[in-house]
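Each chain is listed here by its residues.
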Amino acid sequence: MTCAATHELAIDIGGMPILVRTDSAEFAAMLEDRYGSFIHAPSSDRIFSLDIDLIPPPSMPADEEVSVRLESGRWIMTRGDFRAEFDPRSGHGRVRQSPNPYSIDGVLRILHSLLLARQGGFLVHAASAVRNGRAFLFAGVSGAGKTTLSRLAPPDVEVLTDEISYVRPTQSGYEAFGTPFAGELARIGANLRAPLAALYLLVQGPENRIEPVDSGEATRAILRNILFFAHDEELVGLVFQSVFDFVARVPVQRLVFTPDACVWEMIV
């Protein structure tokens, strides 16, 4: 009997490559197409590995909410379209999912949110972009204008994402990384990283202007937009502390804007 070939590829988001293994050539090709420049050849510098077991879509209810819990030292992650188990001690996990890119997207978001919690970073509902070697974040709930602002970006701006931004601390401040997690723009971000210069809270209005925001309002606004899925008291506390530290070190302002490319004249 001939064993099925295993296809391996590394999905490198935020400088933290995760090795993915699958027996399906079609699924591997779909991942390469989905993640584009975020796909690297397998190497020894991976931080974790995931084995993917593909199952038919009807085997799980589609409307199940995300659940992330720690059981006997292993993270158990479930949603209507996947079930994943991950052991942080061995750095290995297994995912049972339907053959679509949205399931592995969900698993990767959860994994990275757990990883970042212990590093002082986070995932946040925000567009982000690089201009003149510096990164800028534009945070807001659905409809606040993240995709609109990204769509209006001039040619000298590299959009990192229009939906979910990846933030991690450095010795001198914070860095923002591109992500493949797209919103309405339906285009993965540039696989770049840059020092973070500012975060803007988006509000659509009759004119373009920047307003000051006090630290309390900034903290509350960022926490409302944080992506974190685990009901774990220790990690939740770390995420809160990460946001407090972020607000103390990064300028946070309110950006009131009209849907016009002129708003980018204020982002330098």
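The rules behind these values
- Residues numbered from 1 in each chain as written.
- Predicted model: local features only at pLDDT ≥ 70, side-chain atom pairs only at ≥ 80, totals over all residues.
- Heavy atoms only, no water.
- Domains from an automatic or database assignment.
- Contact = heavy atoms within 4.5 Å.
- Buried area = accessible area lost by both parts, 1.4 Å probe.
- Salt bridge = Lys/Arg side-chain N within 4 Å of Asp/Glu carboxyl O.
- Polar contact = N/O pair within 3.5 Å; in protein donor to acceptor, adjacent residues only side chain to side chain.
- Phe/Tyr/Trp six-rings, centres within 6.5 Å; stacked < 30°, edge-to-face > 60°.
- Helix = DSSP H or I, 4+ residues; strand = E, 2+ residues; numbered from the N terminus.
- Buried < 20%, exposed > 50% of the residue type's maximum accessible area, 1.4 Å probe, protein only.
- Lys NZ or Arg CZ within 6 Å of the ring centre and 35° of its normal.
- Axes fitted to C-alpha atoms, helices over the stretch in contact; angles between N-to-C directions.
- Parallel < 35°, antiparallel > 145°, perpendicular 65-115°, else oblique.
- Left-handed = near helix turned anticlockwise from the far one by under 90°.
- Nonpolar A, V, L, I, M, F, W, Y, C, P; charged D, E, K, R; others polar.
- Pairing = 2+ DSSP bridges.

Per the domain assignment, the segments making up the protein are domain 1 (7-117) and domain 2 (122-266). Tallying the contact residues gives 24 residues for domain 1 and 25 residues for domain 2. Summed over both partners, the interface of domain 1 with domain 2 buries about 2,000 Å², with 69% contributed by carbon and sulfur atoms. It is Phe38, Arg109 and Leu116 in domain 1 that bury the most area against domain 2; as a group they hold 33% of the surface buried on that side. The interface formed by domain 1 and domain 2 includes zero salt bridges. For the pair domain 1 and domain 2, the interface holds four residue pairs in polar contact (both at pLDDT 80 or more).

Moving on, we get to the packing of aromatic side chains. The description of an aromatic ring pair uses the distance of the two centres, along with the angle that the planes make with each other. Counting across every chain of the model gives seven aromatic pairs. With 5.6 Å between their ring centres and 70° between their planes, tyrosine 166 and phenylalanine 177 make a pair best called edge-to-face. On the criterion of sequence distance, the pair formed by tyrosine 166 in strand β12 (residues 164-169) and phenylalanine 177 in strand β13 (residues 174-177) is long-range, its members being eleven residues apart. Classification of tyrosine 166 by relative accessible area gives buried; the value is 1%. By way of ring pairs, the aromatic residues Phe122, Tyr174 and Phe246 are connected into one cluster. Geometry around tyrosine 35 places arginine 34 over its ring, the cationic atom sitting 4.8 Å from the centre.

This part is about the environment of serine 37. Topologically, serine 37 is positioned in the loop between α1 (25-35) and β3 (39-40). According to the relative accessible area criterion, serine 37 is partly exposed, its value standing at 41%. As for serine 37 and glycine 189, which are separated by 152 residues in sequence, their C-alpha atoms are 9.3 Å apart. Leaving out residues up to four positions away in the same chain, serine 37 has contacts with Ile188 and Asn191.

What follows is about the packing of α1 against helix α2 (residues 101-117). Two numbers describe how α1 lies on α2: the axes approach to 10 Å, and their chain directions differ by 65°. Taken as axis vectors, α1 and α2 run roughly perpendicular relative to one another. Like other packed secondary-structure pairs, α1 and α2 cross with a definite hand, here right-handed. Between α1 and α2, the residues in contact are Met30, Leu31, Arg34 and Tyr35 and Pro101, Ile104, Asp105 and Leu108, respectively. Tallied by class, residues from the contact of α1 with α2 come to six nonpolar, no polar and two charged.

Spatially, β3-β1-β2-β4-β8-β7-β6-β5 is the arrangement adopted by the eight strands of the open sheet, whose pairing is mixed. With one partner strand each, in any of the chains shown, β3 and β5 (67-71) form the two edges of the open sheet. Note: strand β1 (residues 7-13) against β3, two bridges, orientation antiparallel. Its bridge partner being in β3, isoleucine 11 is matched across the sheet by isoleucine 39. With respect to the sheet, α1 is in contact with β1, β2 (16-22), β3, β4 (48-54) and β8 (92-97), its orientation differing from that of β1 by roughly 20°.

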